[in-house]
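Spelled out from the first residue to the last, the chains are:
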Amino acid sequence: MAKAITPADLTITPRDVRFGRDARLRRYWLNDDPVATAFYNALSVTFPRGEAFFCDSVKAFRDGTPPKLQGEIRAFVKQEVIHSREHVAFNRHVTEQGYDTSRLERDVVAQLALTDGRPAIARLAATTALEHFTAILAHALIADHRHLAGGDREAARLWLWHAAEEIEHKGVAYDTWLHATRDWPRFKRWRIKALVMLITTGRFVNGRRRGMLDLLRQDGLTGPRIWWRLFHYALVRPGMARKVAGAWLSYFLPGFHPWKHDDRALIGLAESDYADAVMPEARAA
């Protein structure tokens, strides 16, 4: 049976905070850059439905889990519910700017529907893969301030808060997976999770690409020049996709666990009682 290595002193704390209710964000709220803005707007549209899927997938296996994991699942669900609420509010800003997000939302629904009729363990495997995605993106987002440099303060605070909590609960789905598959042979567990990650990666990348191009098309930005700008943004500067590639590959290593890399120190860059310790994008005015 595989053993979880989540830190014994880990505390998962749902932070019930609200962002930007009285603020009006710029249309290109991230450094006046339509490509950078589309990157995060397209990602945000996926969160409300995606996080509901994560919660249902993990809750399906919480019965019989060790007490510590049960508590972590409860905290995970609370965090994800609040994330959904805040991204619903953020997505309202996107539509208020005149964007039609209906195609992006239908795409998310269609992708999640591909798991309909599948065993619950398949949905959990997909959740585990996607939670690894969110954790490594969160790490990169906080570790390099250039990702949110020039962003409207309330939007930047939302993304940093979300990233901090994604790091904090990054092992919950995986520990639930280990518990649910505790009687499986190690090779079977690895084979299934690796296959699901490959499938999920293809769908995730293609879905976000379609979403970004859809939003940019609504701004009249199309053609090879925009494709190049997207490529450059994702892989060169600031290069989020390039920077997470190694962490993505680590998922396929034997004995992988999200907490083999303890990056809780990054949470302090997104939140602190001392303003000078917080990233500039997250500081209160």
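Provided above is the structure to which this section pertains.
On a predicted model such as this, the values are computed, not experimentally measured, just so you know. (Residues numbered from 1 in each chain as written. Predicted model: local features only at pLDDT ≥ 70, side-chain atom pairs only at ≥ 80, totals over all residues. Heavy atoms only, no water.)

### Observations concerning the overall build of the protein
- In terms of helices and strands, the protein carries 10 helices and 0 strands.
- Counting from the amino terminus, helix and strand elements in the protein follow one another as α-α-α-α-α-α-α-α-α-α.
- The C-alpha atoms of the protein give a radius of gyration of 18 Å, which matches the 19 Å a tight globule of 285 residues would have.
- Along the longest, intermediate and shortest principal axes, the C-alpha atoms of the protein span 55 × 45 × 30 Å.
- Taking the intrachain contacts of the protein between residues at least 6 apart in sequence as the baseline, contacts between residues at least 24 apart amount to 83%.
- Just so you have it, the protein exposes about 13700 Å², and 57% of that area is on carbon and sulfur atoms.
- Between the averaged position of the 42 positive side-chain charges in the protein and that of its 33 negative side-chain charges there is a distance of 6 Å. (Helix = DSSP H or I, 4+ residues; strand = E, 2+ residues; numbered from the N terminus. Rg over C-alpha atoms; globule rule 2.2 N^0.38 Å. Contact = heavy atoms within 4.5 Å. Areas by Shrake-Rupley, 256 points an atom, 1.4 Å probe, with all protein chains shown as cover. Lys, Arg positive; Asp, Glu negative; His and termini not counted. Charge placed at Lys NZ, Arg CZ, Asp CG, Glu CD.)

### Describing the side chain of Thr-6
- Relative to the helices and strands, Thr-6 is located in the segment before α1 (34-59).
- Given the relative accessible area of 16%, Thr-6 is considered buried.
- Within polar-contact distance, the side chain of Thr-6 engages the side chain of Asp-175 at 2.5 Å.
- Thr-6 has contacts with Lys-68, Glu-72, Asp-175, His-257 and Trp-259, leaving out every residue within four places of it along the chain. (Buried < 20%, exposed > 50% of the residue type's maximum accessible area, 1.4 Å probe, protein only. Polar contact = N/O pair within 3.5 Å; in protein donor to acceptor, adjacent residues only side chain to side chain.)

### Notes on the pattern of salt bridges
- Under the definition given, this model contains 20 salt bridges.
- Put simply, Arg-26 and Asp-32 hold a salt bridge, and the shortest N to O gap is 2.8 Å.
- We classify Arg-26 as partly exposed; its relative accessible area is 29%.
- On the basis of relative accessible area, Asp-32 is assigned to the exposed category, the value being 53%.
- Between Glu-154 and Arg-157 there is a salt bridge, with its nearest N and O atoms 2.8 Å apart. Taken together, the residues span about one helical turn, with Glu-154 and Arg-157 both in helix α5 (residues 153-168) at a distance of 3 residues.
- A relative accessible area of 14% means that Glu-154 is categorised as buried. (Salt bridge = Lys/Arg side-chain N within 4 Å of Asp/Glu carboxyl O.)

### What about the environment of Ala-122?
- Its place among the elements puts Ala-122 in helix α4 (residues 120-143).
- Look at Ala-122 and you get partly exposed, because its relative accessible area is 28%.
- Separated by 70 residues in sequence, Ala-122 and Ile-192 have C-alpha atoms that sit 8.6 Å apart.

### A few points about helix α6 (residues 172-180)
- Of all 9 residues that make up α6, 8 are buried, and the element is covered over most of its length.
- Within α6, the full set of buried residues consists of Val-172, Ala-173, Tyr-174, Asp-175, Thr-176, Trp-177, Leu-178 and His-179.
- On the buried face of α6, the contacting elements are α1, α2 (67-96), α4 and α7 (186-218).

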